[in-house]
Amino acid sequence: MDTSTTITPLGGDVYEIDTRMAGYSGITAGYLILSDRPCLVEPGTAGSAPVVRQALTELGVGPADLATVVVTHIHLDHAGGVGDIAEMYPGAEVVAHEKGARHLASPERLMRSARMVFGDRLDTLFGELKPTDAQRIRAVEDVGVIDLGGGRRLESHYSPGHAKHHVGLVDSQTGDLYVGDAAGIYIPETADVKPATPPPDFDLDTALKSLDRFRALQPQRLLFAHYGPVAEVADTLDRSAEELKIWVDTVRNARDEGMDLDHAVAAVVERTKERYAVTSDGIDPELAAKYELLSSTQSNVAGIMHALNWNE
């Protein structure tokens, strides 16, 4: 595979790495904090592991140098490469929320359910999550601390709503908040913020409370896995909450009118198409297709439907 790398320095010894998920550029970012104890946030998919290794090599991080690998949650676009990266960097501790950590040690159930959802596309999109030795995994609870060396810390904050095993991560030195998918996806080409509400864990009230928690942390910058840094923190978190409410309201109305999933998807597309530059006329259709592959309207509507039927 092509392991050419795109590394973007973000200041504060933080480097954005394009993990080239499924061969696409600009779809899933990993981040290397090149502190005294180097830390990789979000290794990406199993298929991305060779790209990530090449990027770390270019940044001077060898097999014995990486101290920590931390994931915001265990969905395969974020954590699918943990097992491969753990093999490549045998001294690195792997950190995840307690509700997800066991799946990194024993990924069979996670892979089974992913295969049910994605079918044959699983292999091209993500690859296989390999198990990591349980002794190398540290589970964090509501708040956890990762030592970055030199007095610098990465603090994890439990932030469910997108996934029940989701954490946000704050860098004590830069004020960066690694938001994972808890604030949705950010499309840098168009500055759109779109929800990420896949089944089975999505819950609106929980997701909104996590956004409130993020606001209270007063970060300097949001670092999205999809995709990149955003300095307009308050506006972006407000927009994320607004989009979630609009999508849930639209799906609830569709369900109350007896619509099936396909019709609910059509209702969401109709109501939201003017809200996103990425779906407007004149935008490169490949850009829209790339983000639809990552976070499809159908998957998001299905997650909202599941939540509504579960909670009401």
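Figured I'd write up the structure that's included with this text.

### Description of the sheet that holds strand β8 (residues 143–149)
Phase 1 of the analysis: Reading across the sheet, the six strands line up as β8-β9-β10-β11-β14-β15 and stay open at both edges, with mixed pairing between neighbours. Two strands lie at the open edges of the sheet, namely β8 and β15 (228–230), each paired on one side alone. Recorded for the sheet is a direction-independent mean angle of 25° between the axes of neighbouring strands.
Phase 2 of the analysis: As defined by bridge partners, strand β14 (residues 221–224) adjoins β15 across three bridges and the pair is classed as antiparallel. In the strand pairing of β15, Leu-222 is matched with Val-230.
Phase 3 of the analysis: Most of the contacts of helix α8 (residues 233–256) go to β14, to which it runs at about 50°, and overall it touches β14 and β15.

### Comments concerning the packing of α8 against helix α9 (residues 261–272)
Phase 1 of the analysis: Running from N to C, α8 and α9 cross one another at 135°; their axes reach a closest spacing of 9 Å. Here α8 is positioned oblique relative to α9, judged by the angle of their axes. Seen along the crossing, α8 lies across α9 with a hand that is right-handed. Together, Ile-246, Trp-247, Asp-249, Thr-250, Val-251 and Ala-254 of α8 and Ala-264, Ala-267, Val-268, Arg-271 and Thr-272 of α9 make up the contact between the two elements.

### Section: the packing of helix α7 (residues 204–216) against α8
Phase 1 of the analysis: At a closest axis distance of 10 Å, the pairing of α7 and α8 adopts a crossing angle of 175°. In terms of their interaxial angle, α7 and α8 are classed as roughly antiparallel. Residue-level contacts link Leu-204, Ala-207, Leu-208, Leu-211, Phe-214 and Arg-215 of α7 to Leu-237, Asp-238, Ser-240, Ala-241, Leu-244, Lys-245 and Val-248 of α8.
Phase 2 of the analysis: In terms of residue class, the contact of α7 with α8 is made up of nine nonpolar, one polar and three charged.

### Some thoughts on the environment of Ala-49
Phase 1 of the analysis: Here Ala-49 lies in helix α1 (residues 49–58).
Phase 2 of the analysis: For Ala-49, a relative accessible area of 1% corresponds to the buried category.
Phase 3 of the analysis: Measuring from C-alpha to C-alpha, the distance between Ala-49 and Arg-20 comes to 9.6 Å, with 29 residues separating the pair along the chain.
Phase 4 of the analysis: Once residues lying within four places of it in the same chain are set aside, the contact partners of Ala-49 are Asp-84, Ile-85 and Met-88.

What counts as what
Residues numbered from 1 in each chain as written. Predicted model: local features only at pLDDT ≥ 70, side-chain atom pairs only at ≥ 80, totals over all residues. Heavy atoms only, no water. Pairing = 2+ DSSP bridges. Helix = DSSP H or I, 4+ residues; strand = E, 2+ residues; numbered from the N terminus. Axes fitted to C-alpha atoms, helices over the stretch in contact; angles between N-to-C directions. Contact = heavy atoms within 4.5 Å. Parallel < 35°, antiparallel > 145°, perpendicular 65-115°, else oblique. Left-handed = near helix turned anticlockwise from the far one by under 90°. Nonpolar A, V, L, I, M, F, W, Y, C, P; charged D, E, K, R; others polar. Buried < 20%, exposed > 50% of the residue type's maximum accessible area, 1.4 Å probe, protein only.

Just geometry here; none of it tells us what the structure is for.
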